[in-house]
Amino acid sequence: MIDERAARPGSSVEVRIVAIEDGVPAKRFDRVATEEPLEIRVRAGGASRTVAITMRTPGNDFELAAGFLHNEDVLANAAALRGLSYCLDGSVSEDQQYNVVNADLAAGELPALDALERHFTMTSACGVCGRAQLEALESRGIAPLADGVRIDARTVVALPERLRAAQGVFEKTGGLHAAGLFALDGTPIAVREDVGRHNALDKLVGWALLQKRLPLGGCVLLVSGRTSYEIVQKALVARIPIVCGVSAPSSLAVDVARRFGMTLAGFVRGARFNVYAGEERIERAG
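Residues numbered from 1 in each chain as written. Predicted model: local features only at pLDDT ≥ 70, side-chain atom pairs only at ≥ 80, totals over all residues. Heavy atoms only, no water.

(A) Just the overall build of the chain, in detail. Regarding its fold elements, the chain presents 7 helices and 15 strands. Burial analysis of the chain (286 residues in total) assigns 49% to the buried set. Restricting to contacts in the chain with at least 6 residues of sequence separation, those with at least 24 account for 57%. Carbon and sulfur atoms make up 49% of the accessible area of the chain, which amounts to about 13000 Å² in all. (Helix = DSSP H or I, 4+ residues; strand = E, 2+ residues; numbered from the N terminus. Buried < 20%, exposed > 50% of the residue type's maximum accessible area, 1.4 Å probe, protein only. Contact = heavy atoms within 4.5 Å. Areas by Shrake-Rupley, 256 points an atom, 1.4 Å probe, with all protein chains shown as cover.)

(B) The arrangement of the environment of E36 in detail. Inspection of the secondary structure assignment puts E36 in strand β4 (residues 36–44). For E36, a relative accessible area of 23% corresponds to the partly exposed category. Between the C-alpha atom of E36 and that of S11, which follows or precedes it by 25 residues, the distance is 9.8 Å.

(C) Representation of the pattern of salt bridges within the structure. Per the counting criterion, the structure on display carries 10 salt bridges. Its salt-bridge partner being R281, residue D147 comes within 3.0 Å of it at the nearest N-O pair. Within this pair, whereas D147 is found in the loop between α2 (132–139) and β8 (151–152), its partner R281 is found in the loop between β14 (272–277) and β15 (282–283), the two being separated by 134 residues in sequence. Note on R281: relative accessible area 3%, which makes it buried. Sharing partners across several salt bridges, the network here consists of D202, E230 and K234. (Salt bridge = Lys/Arg side-chain N within 4 Å of Asp/Glu carboxyl O.)

(D) A look at the sheet that holds strand β13 (residues 263–269). If you walk across this open sheet you meet the 6 strands as β10-β9-β11-β12-β13-β14, and the pairing is mixed. Looking at strand neighbours, the two that pair on one side only are β10 (188–194) and β14, the edges of this open sheet. Put simply, the sheet's adjacent strands are angled 20° from each other on average, direction ignored. Examined bridge by bridge, strand β9 (residues 177–183) and strand β11 (residues 219–223) share 5 bridges and lie antiparallel to one another. Residue pairing across strands places A183 opposite C219, the latter belonging to β11. Against the sheet, helix α3 (residues 153–165) makes contact with β9, β10, β11, β12 (242–245), β13 and β14, and its axis sits at roughly 135° relative to β9, the strand it touches most. (Pairing = 2+ DSSP bridges. Axes fitted to C-alpha atoms, helices over the stretch in contact; angles between N-to-C directions.)

(E) Examining the packing of helix α5 (residues 197–210) against helix α6 (residues 229–237) more closely. Interaxial distance between α5 and α6 falls to 9 Å at its minimum, and their mutual angle equals 10°. By the angle class used here, α5 and α6 are roughly parallel. For the pair α5 and α6, contact is made by R197, H198, L201 and D202 and by E230, I231, K234 and A235, respectively. Broken down by class, the residue content of the contact of α5 with α6 amounts to 3 nonpolar, 1 polar and 4 charged. (Parallel < 35°, antiparallel > 145°, perpendicular 65-115°, else oblique. Nonpolar A, V, L, I, M, F, W, Y, C, P; charged D, E, K, R; others polar.)

(F) Examining the nonpolar core more closely. By size, the foremost hydrophobic cluster in this structure holds 35 residues, and its most contacted members are L221, L236, V256, M262 and L264. Broken down by secondary-structure element, the contributors of at least two residues to this core are α2, β9, α5, β11, α6 and α7 (251–259). Ignoring sequence-local partners within four residues, the contact set of L264 consists of T227, V232, V243, P249, A253, V254, A257, N274, V275, Y276 and A277. Counting 23 residues, the second largest nonpolar core, distinct from the first, contains F62, A78, L84 and Y86. (Core = buried A, V, L, I, M, F, W, Y, C linked by side-chain atoms within 4.5 Å.)

(G) Spotlight on the pairing of strand β6 (residues 81–86). Across the 6 residues that make up β6, a large majority, 5, are buried. Across 5 bridges, the pairing between β6 and strand β7 (residues 100–105) is antiparallel. In the strand pairing of β7, L84 is matched with A103.

And the structure:
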């Protein structure tokens, strides 16, 4: 299904720097996270259309494309995808070939893609948000999360250290976000990194889609930064019932979590955290 014959750009690059310590400069080398554009194209029935351009850290590009398209209701499951490939046909310049991913759909024609216009140009920060998006989620037929999932509070506070231990590129650069999927006992399932929080989550969801592991009920998500509306939206579409962040959630993220029955925790640091929605899923020691 997936053609990954082409070598992709690295996730980090070495740059020359001047390090100043106690006022004394010294020329050195350092590694920084790579940031390059990724264009996502969908193809079906002989037609092709660009649906998104995002700034991302190269690596797991096909997962990023698959996760994004799943979140935007283009791919319901792996069966809706015929293949993923880089654009190596000469239609783009050679230096950009690995920055364009083609998603070949199993359908005989392109679906209606008007709803994707708001994503045509994205940034590595969070995308366009608004309260109207809550109604948009409901109009897609996304139901509230109703389950008997529970997680121990002690497991929640242990997640950041486990996420950090799995962040290989962050260890080299100190400049990447991460999204980690864990079992309810805290066992790591998968971790993805990127300069953008939402890209890291798209990679994670794309991994689950390509591995035919969706929906992700019975799992907990931890993101390394703040929890925005878009993070919660993507988690909801993937049916993740518990979402945690090491920083604060946004007001709209809290609104979405409460409306759709998701557990949302923030400021997961040290031995404490705040629960903004769905506290019934958190089991307390003693």
